[in-house]
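Survey of secondary and tertiary structure
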Amino acid sequence: MVEAPPALEARSLSKQFGAKVAVRELSLTLPRGEVFGFLGPNGAGKTTSMKMLLGLVRPTSGEGRLLGEPLGAARGRARVGYLPEHFAFHEWLEGRELLRFHARLLGMPTRGLDAGVEERLRRVNLADAATRRVREYSKGMKQRLGLAQALLGEPELVFLDEPTSGLDPLGRRLVRDVIRELRQRGTSVFLNSHLLSEVEVTCDRVAFVKGGRVVRDMRLGAEERDLEVEMRLERTTATLVADLARFGHDVRVEGDRVRMGVSGEETLPEITRWLASQGVGLYHLGARRPSLEEIFLEVVADDADAVLG
Amino acid sequence: MTPMRSSAEPTGGIPTQAPGRLRAVTIVAHLTFIEARRRRILAAALLFGAAFVVLFGIGLHFMARDIRANAPPAQQAMFLNLVTLTALYAANFLIVMTSVLVTIDTLAGEIGSGVIETLCTKPVSRAAVGLGKWLGCWLTFVLYALVLCGGVLAVARLVGGSTPPNAGRGILLILLEGTVLLTLALVGGTRLSSLANGVTVFGLYGLAFVGGWMEQIGTMVGNASARYIGITASLLVPSESLWQLAAYQMQPPIARDVQIGPFLTASVPSPAMVGWAIGYVLVALVVASHLFRTRDL
Ligand SMILES: Nc1ncnc2c1ncn2[C@@H]1O[C@H](COP(=O)(O)OP(=O)(O)OP(=O)(O)O)[C@@H](O)[C@H]1O
Ligand SMILES: [Mg+2]
């Protein structure tokens, strides 16, 4: 049997609006079943990237495939779910009617359509509001309805553009659980979000985008991220600092502390042994993994003016 | 319609469930028609359409009494016909307005609000979405036009005791006129905001209107330039000339020589105008599909 194509492939996708480059040479592959977080400051090009992949926006250059189909092809879209950033829907429909309409557009067979709609309504806790007009929904209710819409038809890939932007803590947990369920079913998820604490617990991999360009791409598994080490030493000389660099990177002195990045815990005893052999007293040693937020701020802060461009 | 962007590559036999082209069109058309109902567009149109017919009925009742009492019998029929045509002229104007108003917002509004995003990421072509919207608006418009024209004709028959000649043909021409403008509103809606679209389509209607009159007056006074400018405008926007054709059809032969009022037909548009208008609508639909397919949403 032929191996299924990746959920998503992009090769040098670029989008220019007039003189403004919104996305620059985006290349990425999303394997089946992976939850991918696309992070970056406002205006970085996240939504535009998503829309290009969905065929809503035509790339200026580059190409891509969605579930093995060329971008913009209806056959790929049949197996894709999408919750847009501004979750606007036909407000004069009732919630249930809206989902039924979208299910029909997906080509869901009449038999099983109603059951599928009811299941999604329950999943997002809107069963009680199903007969109310969408116009009367609160912001969070609309967003959850949009999520239900994105889950119709057992998609193999789901795009969520800031799915929790209008949600209370309960709603955010719901989105987190839904993403987990999708992953368990082997569905790939492409997530845009500013809520890094959530990305941290839901995503397998993230990419940071800034000024339309991907500037860092990293896996989020705990064992795969660098440790940030902080030490307080008896003395700190320039040679000592230079020598420490062999155990890691970014060694710097801040007040009476020395900080550096190391690749794993096994490096810590090596550092203490080496310090002892040098006769340098070690008063304190701490190691922790920096949060996604710290990494985000670091990545974004590098020449912050590029972001404003 | 133009085919959607090619997806003709084999995918190892993975079954897709996308709805067929025709099914997609009917789903969207149905939704658009529901929208006209839910947003009370249809109700408002039908309510005031009915009010128009009732008012015309009352007016005709008194006028018919007067005409029967005072006009020589030979002229009674012609007067009644003129009154009916006047009502149809007003109805025609309302139908034109409604055909445009029903349609200006259908694509433009959903593009503006972003509602279109979850529609166009479904496995249906944009051509099908556009055509479905056209069909939904067209059905709304036809329903309104039939109520209005049918009401006027029924009143003319019941109160005035007469029916204009070729009434069926005349009404088909009025429907075609509305269809032309409705389709133009769909074309504009693919790229313009709702308001800009409305201003543009009514602007085009105005050009055709002035052009139609230039053609008539130019013919009457024998000014060839005015006539040609008028004909050109009619070809660019074949709406007013369809009304003139309809009015010509629905006049009794003797009234055709009277040449006054809105039914003046010094220069009768060629029947080829009908073919032109139908072709025009089809081409406009293809253009709308292309403009919609090639834009960012
Ligand atoms: N239709 C458009 N016309 C012109 N410029 C656009 C258009 N859409 C997006 N842009 C520009 O492209 C850039 C990227 O926008 P995009 O919406 O993709 O950002 P984003 O990363 O999703 O931001 P946010 O976090 O605020 O949602 C921005 O500078 C924006 O101004
Ligand atoms: Mg965005």
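Counting of residues starts from 1 at the beginning of each chain's written sequence and follows it residue by residue. Working convention: letters from A go to chains and numbers from 1 go to ligands, in the order in which they are written. Per-residue local features of the predicted model are confined to residues with pLDDT of at least 70, and side-chain atom pairs are confined, for both listing and counting, to 80 or more; whole-chain, interface and lining totals are unaffected and use all residues. Just so you know, side-chain values use all the structure's heavy atoms and leave hydrogens and water out.

Secondary structure elements follow DSSP: runs of H or I no shorter than four residues count as helices, runs of E no shorter than two count as strands, and numbering proceeds from the N terminus. Looking only at helices and strands, one finds eleven helices and zero strands in chain B. Secondary structure elements of chain B, listed N to C terminal, follow the sequence α-α-α-α-α-α-α-α-α-α-α. For chain B, the C-alpha atoms occupy an extent of roughly 80 × 45 × 30 Å along the three principal directions. For the exposure calls, accessible area comes from a 1.4 Å probe over protein chains only, and a residue counts as buried if that area is under 20% of its type's maximum, exposed if over 50%, partly exposed in between. Counting across all 297 residues of chain B, residues that qualify as buried make up 53%. For chain B, the exposed area adds up to about 12,700 Å²; of that, 71% sits on carbon and sulfur atoms. To be clear on the numbers: accessible area is Shrake-Rupley with a 1.4 Å probe, and residue cover counts the displayed protein chains and nothing else.

Moving on: the pattern of salt bridges. Once their charged atoms are close, side chains differing in charge can pair, the charge on each being opposite to the other. All names here are of chain A. Should a side-chain nitrogen of Lys or Arg be within 4 Å of a carboxyl oxygen of Asp or Glu, the pair is scored as a salt bridge. According to the stated counting rule, one finds 30 salt bridges over all chains in the structure shown. Linking Arg120 and Glu154 is a salt bridge whose minimum nitrogen-to-oxygen distance equals 3.5 Å. Residue Arg120 is located in helix α4 (residues 113-123), and its partner Glu154 is located in the loop between α5 (139-150) and β7 (157-161); the two are separated by 34 residues in the primary sequence. Among the ionic contacts, a cluster of salt bridges with common partners joins Glu228, Glu230, Arg252, Glu254, Asp256, Arg257 and Arg259.

Further remarks concern the coordination of the magnesium ion (ligand 2). Metal donors: N, O and S atoms at distances within 2.8 Å, or within 3.2 Å for Na, K and Ca, with water omitted from the atom set so that some sites may seem incomplete. Coordination of the magnesium ion (ligand 2) by the protein is provided by Thr47 of chain A (OG1) and Glu85 of chain A (OE), with metal-donor distances spanning 1.9 to 2.4 Å. One end of the pair, Thr47 of chain A, is in helix α1 (residues 46-54); the other, Glu85 of chain A, is in the loop between β6 (80-83) and α3 (95-106), with 38 residues separating them in the sequence.

With respect to the helices and strands, Lys51 of chain A occurs in helix α1. Side-chain atoms alone can form a polar contact between residues adjacent in sequence; in general such a contact is a pair of N or O atoms within 3.5 Å, and within protein one must be able to donate a hydrogen while the other accepts it. A polar contact of 3.3 Å, which involves the side chain of Lys51 of chain A, links it to the side chain of Glu117 of chain B. When residues no more than four places from it in sequence are discounted, the contact partners of Lys51 of chain A are Leu56, Val57 and Tyr82 of chain A together with Glu117 and Leu297 of chain B. Here, two residues are considered to be in contact whenever any of their heavy atoms come within 4.5 Å of each other.

Take the confidence of the model for chain B next. Per-residue pLDDT for chain B averages 88, and the proportion of residues at 70 or more is 90%. Contacts for the low-pLDDT stretch residues 1-16 of chain B, under 50 throughout, to residues beyond four places or in other chains number 33 contacts. Confidence scores labelled pLDDT are given residue by residue by the predictor and lie between 0 and 100.

Take the number of residues in a helix, subtract one, and multiply by 1.5 Å to get its expected span. In this model, helix α7 (residues 167-189) of chain B (23 residues) spans 33 Å end to end at C-alpha, consistent with the 33 Å of a helix rising 1.5 Å per residue. Buried residues dominate α7 of chain B, accounting for 20 of its 23 residues.

What follows covers the pairing of β6 of chain A. All names here are of chain A. Of the two faces of β6, the one carrying Val80 and Tyr82 and the one carrying Gly81 and Leu83 are both buried. Strands qualify as paired when DSSP identifies two bridges or more between them. By the bridge criterion, four bridges tie β6 to β7 in an arrangement that is parallel. Counted as the bridge partner of Leu83 is Leu160 from β7.

All names here are of chain A. As summarised here, the arrangement of the six strands in space is β6-β7-β8-β3-β9-β10, forming an open sheet in which the pairing is mixed. This sheet does not close on itself; its edge strands, each paired only once, are β6 and β10 (213-219). For this sheet, the mean angle separating the axes of adjacent strands, direction not counted, is 15°. Of the strand pairs in this sheet, strand β9 (residues 205-210) and β10 are connected by six bridges, and their pairing is antiparallel. The residue of β10 that forms the bridge with Lys210 is Arg213. On the sheet, α1 packs against β3 (35-39), β6, β7, β8 (188-192) and β9 and is oriented at approximately 150° with respect to β7. Across the face of the sheet, helix α10 (residues 292-301) comes into contact with β3, β9 and β10 while running at roughly 30° to β9. Axis definition: a line fitted to C-alpha atoms, over the contacting stretch in the case of helices. Angles run 0 to 180 degrees between N-to-C directions.

So, on to the pairing of β9 of chain A. All names here are of chain A. Most of β9 sits out of view: six of its six residues are buried. Neither face of β9 is exposed, since Arg205, Ala207 and Val209 on one face and Val206, Phe208 and Lys210 on the opposite face are all buried. Bridge analysis of β3 against β9 gives four bridges, and the strand direction is parallel. Along β9, the bridge assignment pairs Leu39 with Phe208. Counted along the chain from β9 to the antiparallel partner β10, the turn is two residues long, and its residue Gly211 has a positive phi close to 55°.

This paragraph deals with the domain arrangement of chain A. The domain limits used here are those given by an automatic or database domain assignment. For chain A, the domain assignment lists domain 1 (8-220) and domain 2 (226-288). Each of domain 1 of chain A and domain 2 of chain A has a C-alpha centre, and these two points are 44 Å apart.

Attention shifts here to the confidence of the model for chain A. Per-residue pLDDT for chain A averages 90, and the proportion of residues at 70 or more is 96%. Model confidence for chain A, summarised as mean pLDDT per element, is weakest for helix α11 (residues 305-308) of chain A at 45 and strongest for β7 of chain A at 97.

Okay, the interface of chain A and chain B next. On the side of chain B, 38 residues touch chain A, which itself brings 36 residues to the contact. Interface area, chain A with chain B, both sides summed: about 3,700 Å², of which 57% is carbon and sulfur. On the surface where chain A and chain B come into contact, there are three salt bridges. Note that Glu117 of chain B and Lys51 of chain A form a salt bridge whose closest N and O atoms lie 3.3 Å from each other. As a working definition, buried area equals the accessible area (1.4 Å probe) given up by two parts on being put together, with both sides summed.

All names here are of chain A. Working definition: a ring pair exists when centres of Phe, Tyr or Trp rings (six-membered ring for Trp) sit within 6.5 Å. Plane angles under 30 degrees give stacked, over 60 give edge-to-face, the rest tilted. Counted according to the given criterion, the structure contains ten aromatic pairs over all chains. Taking the centre distance of 5.3 Å and the plane angle of 55° together, the rings of Phe36 and Phe190 count as tilted. Placement of the pair is Phe36 in strand β3 and Phe190 in strand β8, with a sequence separation of 154 residues. Geometrically, the ring pair formed by Phe208 and Phe296 is tilted, given 6.1 Å between the ring centres and 50° between the ring planes. Linking Phe208 in strand β9 with Phe296 in helix α10, this pair joins segments that are 88 residues apart in sequence. Here Phe208 and Phe296 have matching classes, each one buried. Site record: aromatic cluster; members linked through ring pairs are Phe36, Phe38, Phe159 and Phe190.

This part is about the sheet that holds strand β2 (residues 20-30) of chain A. Residues and elements named next belong to chain A. Pairing is antiparallel in the open sheet, where four strands are placed in the order β2-β1-β4-β5. Only two strands of the sheet have a single neighbouring strand rather than two, namely β2 and β5 (69-70). Two strands pair when backbone bridges link them, and strand β4 (residues 61-66) and β5 are joined in this way by two bridges, in the antiparallel orientation. Bridge pairing links Arg65 to Pro70 in β5.

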